[in-house]
Amino acid sequence: MAMEPTVKVALGTAAFGIFWVLAVFPAVPFLPIGRTAGSLLGAMLMVLFGVMSADEAYAAVDLPILGLLFGTMVVSVYLERADMFKHLGKLLSWRSQGGKDLLVRTCVVAALASALFTNDTCCVVLTEFILKIARQNNLPPKPFLLALASSANIGSAATPIGNPQNLVIAVQSGISFGQFVFGILPATLVGAVVNAAILLCLYWRHLSDEKCVEVVAPVPTDVVEEEDVTSHRFSPATMSHLRSSHHHQPGSSKLDSLDHHSCCEVYEPVKPVSNGDTKADATVGIHQRRGAAVRVNGVAKDGHQSFRSVEKEVEAMEQWKSTLWKTCVYVITLSMLVALLLGLNMSWSAITAALALIVLDFKDARPCLEKVSYPLLLFFCGMFITVDGFNKTGIPSAFWEFMEPYARIDTPSGTVILALVILLLSNVASNVPTVLLLGARVAASAAAISPAAETNAWLILAWVSTVAGNLSLLGSAANLIVCEQARRSEQYGYTLSFFSHLQFGFPATLIVTGIGLLLIRSN
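Residues numbered from 1 in each chain as written. Predicted model: local features only at pLDDT ≥ 70, side-chain atom pairs only at ≥ 80, totals over all residues. Heavy atoms only, no water.

### Comments concerning the overall build of the chain
Operational definition: A run of DSSP states H or I qualifies as a helix once it reaches four residues; a run of E qualifies as a strand once it reaches two. Both are numbered from the N-terminal end. Partly exposed residues are those whose accessible area sits between 20% and 50% of the maximum for their type, while under 20% is buried and over 50% is exposed, using a 1.4 Å probe and protein chains only. Contact criterion: two residues are considered in contact whenever any of their non-hydrogen atoms come within 4.5 Å of each other. In short, Shrake-Rupley with a 1.4 Å probe defines the accessible areas, and a residue's cover is counted only from the protein chains shown.
A tally of helices and strands in the chain yields 22 helices and 4 strands. For the chain, buried positions account for 53% of its 523 residues. Of the contacts made within the chain by residues no fewer than 6 positions apart, 77% connect residues no fewer than 24 positions apart. For the chain, the computed accessible surface area is about 23,500 Å², with 64% contributed by carbon and sulfur atoms.

### Digging into the packing of aromatic side chains
How two aromatic rings sit relative to each other is set out by the distance from centre to centre and by the angle between their planes. Here is the rule: Two rings from Phe, Tyr or Trp (for Trp, the six-membered ring) form a pair when their centres are within 6.5 Å of each other. A pair whose planes differ by under 30 degrees is stacked, one over 60 is edge-to-face, and the rest are tilted.
Using the criterion set out here, one finds 7 aromatic pairs in the structure. Centre to centre, the rings of Phe16 and Phe390 are 4.2 Å apart; their planes meet at 10 degrees, and the pair counts as stacked. Of the two residues, Phe16 is situated in helix H1 (residues 6-24) and Phe390 in helix H16 (residues 374-392); the sequence distance between them amounts to 374 residues. By the burial criterion, Phe16 is buried, and Phe390 matches it. On the basis of an interplanar angle of 90 degrees and a centroid distance of 5.4 Å, the ring pair of Phe498 and Phe499 is categorised as edge-to-face. Assessed through its relative accessible area of 61%, Phe499 is described here as exposed. Put simply, the rings of Phe16, Phe19, Phe379, Phe380, Phe384 and Phe390 touch in pairs and so form one group of aromatic residues.

### Here's the deal with the nonpolar core
For the record, the criterion: Residues belong to a common nonpolar core when they are buried Ala, Val, Leu, Ile, Met, Phe, Trp, Tyr or Cys residues joined through side-chain atoms within 4.5 Å.
Residues Tyr78, Phe380 and Trp463 are the most contacted members of the largest nonpolar core, which totals 139 residues. The dominant element in this core, judged by the number of residues it contributes, is helix H10 (residues 177-203), at 12 residues.

### Quick notes on the packing of helix H4 (residues 63-81) against helix H9 (residues 164-173)
Each pair of packed helices can be described by the angle between their axes along with the distance between the axes. Formally: Each axis is a line fitted through C-alpha atoms, and for a helix only the stretch in contact is used; angles between axes span 0 to 180 degrees, taken between their N-to-C directions. Each angle is binned into one of four classes, with values under 35 degrees roughly parallel, values over 145 roughly antiparallel, values of 65 to 115 roughly perpendicular, and all other values oblique. Should the near helix be turned counterclockwise from the far one by less than a right angle, the crossing is left-handed, whereas a clockwise turn marks it as right-handed.
For the pair H4 and H9, interaxial distance at closest approach is 10 Å and the crossing angle is 135 degrees. Relative to H9, the element H4 is oriented oblique. When the axes of H4 and H9 are compared, the crossing they make is right-handed. Within the contact between the two elements, H4 uses Pro64, Ile65, Leu68 and Leu69 and H9 uses Leu167, Val168 and Val171.

### Focus: the environment of Val7
Relative to the elements of secondary structure, Val7 occurs in helix H1. Residue Val7 is classed as exposed on the basis of its relative accessible area of 60%. For the pair Val7 and Phe49, spaced 42 residues apart in sequence, the C-alpha separation works out to 9.5 Å.

### A word on the confidence of the model for the chain
In plain terms, the rule: Known as pLDDT, the predictor's per-residue confidence is scaled from 0 to 100.
Confidence along the chain averages 79 in pLDDT terms, with 80% of residues attaining 70 or more. Across residues 217-301 the pLDDT falls below 50, and counting only partners more than four positions away or on other chains, this stretch makes 162 contacts in the model.

### Examining H1
Put simply, the rule is: Expected span, for any helix, means 1.5 Å times one less than how many residues it has.
For H1, which comprises 19 residues, the first-to-last C-alpha distance of 26 Å matches the rise-based estimate of 27 Å (1.5 Å per residue) to within 8%. Every buried residue of H1 is accounted for by Val9, Gly12, Ala15, Phe16, Phe19, Leu22 and Ala23. Check the buried side of H1 and you find it contacts helix H2 (35-48), H16, helix H17 (395-403) and helix H19 (431-447).

### Description of the pattern of salt bridges
Two side chains carrying opposite charge are able to pair once their charged atoms lie near each other. For clarity, the cut-off: By definition here, a salt bridge exists when the distance from a side-chain nitrogen of Lys or Arg to a carboxyl oxygen of Asp or Glu is within 4 Å.
Scanning the entire structure with this criterion turns up 8 salt bridges. Asp101 is the partner of Arg105 in a salt bridge, and the nearest nitrogen-oxygen pair spans 3.2 Å. Linking Arg105 with Asp101, this pair stays in helix H6 (residues 99-117), spanning 4 residues, or about one helical turn. The exposure class of Asp101 is partly exposed, given its relative accessible area of 23%. For Arg366, the salt bridge identified is with Glu370, shortest N-O distance 3.9 Å. Its relative accessible area of 54% is what places Arg366 among the exposed residues.

### Examining H4
Taking 1.5 Å of rise per residue, 19 residues should cover 27 Å, and H4 covers 27 Å from first to last C-alpha, within 8% of that figure. Of all 19 residues in H4, 16 are buried; the element is thus mostly enclosed. Phi turns positive one or two residues past the end of H4, at Asp83, with a value near 70 degrees.

### What to know about the side chain of Asn479
Mapped onto the elements of the fold, Asn479 is located in helix H21 (residues 477-488). Look at Asn479 and you get buried, because its relative accessible area is 1%. Once residues lying within four places of it in the same chain are set aside, the contact partners of Asn479 are Ala149, Asn153, Gly469, Asn470, Ser472, Leu473 and His501.

### Some thoughts on a nonpolar patch on the surface
In plain terms, the rule: Within the patch definition used here, like charges are joined within 9 Å and nonpolar side chains (Val, Leu, Ile, Met, Phe, Trp, Tyr) within 5 Å, considering only residues with over 30% relative accessible area and no salt bridge.
Taken together, Leu189, Val190, Leu518 and Leu519 make up a surface patch of nonpolar side chains, about 360 Å² in accessible area. Elements with a minimum of two residues in the nonpolar patch: H10 and helix H22 (498-519). One can find Leu189 in helix H10.

What follows is the structure, encoded as structure tokens:
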């Protein structure tokens, strides 16, 4: 693609530069408007500067990606209501054999949860619990926080729904869900094991062998706000339904609010009276003295015992309904994953599962829909337009034309150079814009080699751009979520510094990325 006129290139670069600054530093003193507004500002400037037309801007918005994002967000909200993440938290401390065992469990649970429920959601839910169990067992929080963030990033690479950049790659490439998973899964499994091994080697002396105390998963504290994460934040659930123990949940007894002491007095139903009092028509009877025997189902029982029996029946019924509802949520989610593995349209599969859960809930869906991260969806809209406008300037094409002879994936040296370019850009410009800028060009270059090479190129882009988030604290939204959640914790607060993360992240990222490149193969 030829370079556009100098004025158009300068204006397009300026618009993209404003977007980039606000995406990486959302609270800059001269324009502290945040990332979402920054992406929309960049999109507007692309049109106002004449880099692209309004129709081209609308066409740049990728609706399938937005639909897939929205569907997975809603599904995550209902999985959270169904206590999926509470069970994952309990799995961490259940019969743990010591600090080393707990560290390995943290890596496994974080990787698995992030692959299915996105890395950011996993970090939002589990950070507070991991801090609590580390503090109560006199273990240093640092290795566990690093394990959570890094394993969540690595695990999210395994599926198209693990993080936003994978969503973009899956939709743009046309690679099926199954082909994506089986192509990148070996790298993810080995990468997660190697990452855990590096953590164990670095912190072996700080981890005791004493059995850990089992800890009940805590109520999450404040969720990290939009300005505290990087541009690719994906945090569908706000956790607000867990902050108050008084909110009604499926399975909670409707009799919990009754005063049990006042229920010791029993009333015997009588014929309705005709005074127009409907409450009296239903329940008024002759007052029996306290402790008098009444007949329930033909059996003489004490009045208080009779009420307790009815209460237990109601509680059992509510518990059964709750269990049935949660089971249905898990079945629908599993059905969505099966549909994705069968190669059905990913966006519509996710939206269908989301609507099925809404209908199954059989109540006003507004509270759940309000937990969807609409600022993220708007951010993606602005980013699609801004990046497409920057592509039209010709600068990304010129950069790739220079790098392409050295970054062809049919040679080991070319693959290494390509990976280094992706690592650098993912930490400088963030991973989603990097994927949008390089994806089509890398794939087209690989397609000239073979169809299998094109698929490998997309998988390499997904793997490297995701693992690149572990390089530094600013490289991934998951890292910042863990850092901010840990810092804000009132009881178990801990500050994970940039340099302490870099000491682990830099070497671990290079090692895990290199091993993964050896294992990625298309099927």
